[in-house]
Structures are given as C-alpha cells and as structure tokens.
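Examining the three-dimensional arrangement
The primary structure of each chain is shown beneath.
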Amino acid sequence: MTYNGLIFDIKRFAVHDGPGIRTTVFMKGCPLRCWWCHNPEGILPKNEIMFLEYKCMRCRTCAGVCPAGAIFFENERGFPRIERSLCIGCGICADACPTNAMRLVGRVINVDELIKELERDVLFYDKSGGGVTFSGGEPLSQPHFLKEALKKCKEHGFHTALDTSGFAPRDVFEEIMEYVDYFLFDLKLAGEEEHKKYTGVSNGPIKENLRVLDEKGRGKDVLLRLPVVPGITDTDENVKGLVEFASSLKDIRQIELLPFHDVSEKYARLSREYKMLDYSAPPPATMKRIKEAFEKIGFSVKA
Ligand code: SF4
Ligand code: SF4
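Quick caveat: nothing in here was measured; it's all calculated off a predicted structure. (Residues numbered from 1 in each chain as written. Chains lettered and ligands numbered in written order. Predicted model: local features only at pLDDT ≥ 70, side-chain atom pairs only at ≥ 80, totals over all residues. Heavy atoms only, no water.)

**Quick notes on the side chain of Asn-203**
Spelled out, the test is: Starting at the N terminus, helices and strands are each numbered in turn, a helix being any DSSP run of H or I of at least four residues and a strand any DSSP run of E of at least two. Any pair of nitrogen or oxygen atoms within 3.5 Å is treated as a polar contact; in protein, a donor-acceptor pairing is required on top of that, and neighbouring residues in sequence qualify only through side-chain atoms on both sides. Note on contacts: a residue pair qualifies if any of its non-hydrogen atoms lie within 4.5 Å across the two residues.
Within the fold, Asn-203 resides in the loop between helix H7 (192-199) and helix H8 (204-216). One polar contact links the side chain of Asn-203 to the main-chain carbonyl oxygen of Leu-189, over a distance of 3.1 Å. Those residues in contact with Asn-203 that sit more than four places away from it in its chain are Leu-189, Ala-190, Gly-191, Glu-192 and His-195.

**Focus on the nonpolar core**
Across soluble globular proteins, you tend to see nonpolar side chains buried next to one another. The condition that has to hold: The set of buried Ala, Val, Leu, Ile, Met, Phe, Trp, Tyr and Cys residues whose side-chain atoms join them within 4.5 Å is what this entry labels a nonpolar core. The rule is simple: take the accessible area with a 1.4 Å probe, protein chains only, and divide by the maximum for that residue type; under 20% is buried, over 50% is exposed, in between is partly exposed.
Leu-114, Leu-118, Phe-134, Leu-210, Leu-224 and Phe-294 are the most contacted members of the largest nonpolar core, which totals 53 residues. If we skip the residues at most four places from it in the chain, Leu-118 touches Thr-23, Val-25, Tyr-125, Val-132, Cys-153 and Phe-158. Ranked by size, the runner-up nonpolar core spans 17 residues in total, among them Leu-32, Ile-43, Val-229 and Ile-232.

**Overview of the sheet that holds strand S7 (residues 107-110)**
This is how it is decided: For two strands to count as paired, DSSP must find a minimum of two bridges between them. Lines fitted to C-alpha atoms define the axes here, with helix axes fitted over just the stretch in contact, and angles between the N-to-C directions of these axes take values from 0 to 180 degrees.
Pairing within the open sheet is mixed, and its 9 strands lie in the order S7-S1-S2-S8-S9-S10-S11-S12-S13. The open sheet is flanked by S7 and strand S13 (300-302), the only strands paired with a single partner. Between one strand axis and the next, the sheet turns through 30 degrees on average, direction left out of account. Here strand S9 (residues 159-164) runs beside strand S10 (residues 182-186); their pairing, made up of 4 bridges, is parallel. The residue bridging Leu-162 from the neighbouring strand is Phe-183, located in S10.

**Points about the UniProt feature "domain: Radical SAM core" (unreviewed entry) in the chain**
Counted only if it meets this: UniProt positions are given in the numbering used here, feature names are shortened, and annotations may be inferred rather than shown by experiment.
As recorded in UniProt, the sites labelled "domain: Radical SAM core" (unreviewed entry) are residues 16-300. Secondary structure over residues 16-300 splits into 35% helix and 19% strand, and the C-alpha atoms at its two ends are 17 Å apart.

**Considerations on the site of ligand 1**
Here is the rule we go by: We call a residue near a molecule or strand when any one of its heavy atoms sits within 4 Å of it. When residue character is reported, Ala, Val, Leu, Ile, Met, Phe, Trp, Tyr, Cys and Pro are called nonpolar, Asp, Glu, Lys and Arg charged, and the others, Gly included, polar.
Residues in contact with ligand 1, as listed here, are Ile-49, Cys-66, Pro-67, Ala-68, Ile-71, Cys-87, Ile-88, Gly-89, Cys-90, Gly-91 and Cys-93. Classifying every residue of the shell around ligand 1 gives 9 nonpolar, 2 polar and no charged.

**A short note on the pairing of strand S1 (residues 4-14)**
In the sheet, S1 pairs with S7 via 4 bridges, with the strands oriented antiparallel. Within the sheet, the bridge partner assigned to Ile-7 lies in S7 and is Arg-107. As paired strands, S1 and strand S2 (residues 22-27) are joined by 5 bridges and run antiparallel to one another. Bridge pairing links Asp-9 to Phe-26 in S2.

Right, here's the structure in full:
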C-alpha cells in the first residue's frame, strides 16, 4: 500500500532549503493563516486555478470548456474572472488555455511515484551533501503520506529535511521526527493572542513540539526561522518573548532571519485577499537589532 499526497510543486536544485543541493517537495494544505505567507498556493488542501493575466489573450476558450460554469467575462477589459465558489479544480481550463494563463495548482502523487522523481537527483545529493526537503503548505498536515515518503527516502539513503510551522499533534510530530535529519522550524510570535491573531492558531502545540525536538531530537540539526515582519514580529516585546523562549532550549542554537517581502501578485493570481499591502521590508537596523538579541544568548544567526 502506498499513500497519495497532494503537492503543488517539486523544485529541483534548491539551495536554500537545507544543506547542499536539494529537491524540495511542496505539499498542499496548511492549518495556519499567516498574514504574510509567501506560498499562498500551498494553503488550501485542494486543487486551485492560478490566473496569470499578463499571459491571457482574452480568447474566452476557458469559459467555453469549464464544466462548472465558473468562468465569467463580465469586465470591460475582457479578462476572465473565476468564481472560486463554483470551481471544482478539474484543470480543464488550464489544459485548454492556449497561452498557459490558467494554471492548475495541485497534483496528486503517490509515494512510489515521488521516490522515482527524487531518484533522478541522487547524483546531486551525493556530490553536494544535499537531499530531499518537504515544505509547503504544512507537510505535517498530510502525516501518512509524509511519514511513508520520509521513510522511503531514508531507505534510499537520502538526507531528509522538514520545513515546518511545527503545528501538529505531538504524537504525529514525534512519529515523523524519527525520519527527519534536518528541521527548518518556524518561530513567529511569542504571545498567544498575537499568534492567534496573525496566524489563526495557538502557539501552544508549536512550542511543545519544539521542546520535544530539543529534548528527544539529539543529533538532529535544527534551524529556527523567524519571518521578520515590521510591526508584527519585529516589535521589542515580541523579540524579547522569542529570545526568552529560545534561551530556554537546551540544544537548539541556530536561527535564520527572513525579511518580509511583498508577494501580493501571487494572491491576486489566486483571487485571494492580501493583508500586507501596506507593509514593506524591514530596514537593516531592524535586522541588526534582532540578530544581536539572539547572538547575546549564544545563537548563531543567519540574516
Ligand atoms: S478548474 Fe475546472 S471548474 Fe475550475 S475554472 Fe477551470 S475548468 Fe472551471
Ligand atoms: S483560455 Fe487562456 S488565454 Fe483564453 S481567455 Fe482563458 S485564460 Fe485567457
């Protein structure tokens, strides 16, 4: 028996998702709703259509083939509008579109098929000390597929990494942890209320899983990752709270600071609201302040 997973991309030759040259598998579906999420196409656990206006030649082919009657031409500019509540994610419009302006985001793949794709890059893993990274979306939201895929990766001798928000039941996290060599673990907001407001979920399970990883994950590499979002995660109060929490960890001593950047275009392509229109990248002084705060407690900081 092999499990099916829903993914939205497989990126080869990735160099920012763990050590060496890697293949990153982007899994679809995430229980969090971070305002600044830079992979909005990974949030919903179902197929979606992305519409790229600059490619569209306004031929109306898509509306003619849509079995759900979800595509309308009603604006003066002549571009299609997808009524998301009607779209069933069949991808027929994407197949029919002559310019690839409609793109289906989401693909079902089983573990054996995935491993076959990953095997194509073995040479690069071996030469560079790389491997396979599972990212998303939140990979832990598809635990059966993820566990089997990680297990098979290990059987094939691939180094494995997990890019995660850490939000999952503890038993699921512990089971999966066993098959992961390297963790990219998000740390966002120290306060419970702020965490709920800006991500939609409690930070309780995240903190608990990070402690489990710190205590039971000896020998595993862990890189914390803090998205630096002006006015949200970069405040003195939040940095103080995160530093306090981080300093209570026993073994984990690495963090990467990820400056906020605008991804409004991606949201527009999915007809999704983007709450960060008025936000801009943090200034160098902010990055320096946060870097120094973590260095003071003995962290090595990538910024
Ligand atoms: S994915 Fe299917 S239902 Fe959705 S807009 Fe395209 S053709 Fe219509
Ligand atoms: S089929 Fe493609 S190019 Fe033609 S109107 Fe639809 S999205 Fe635009």
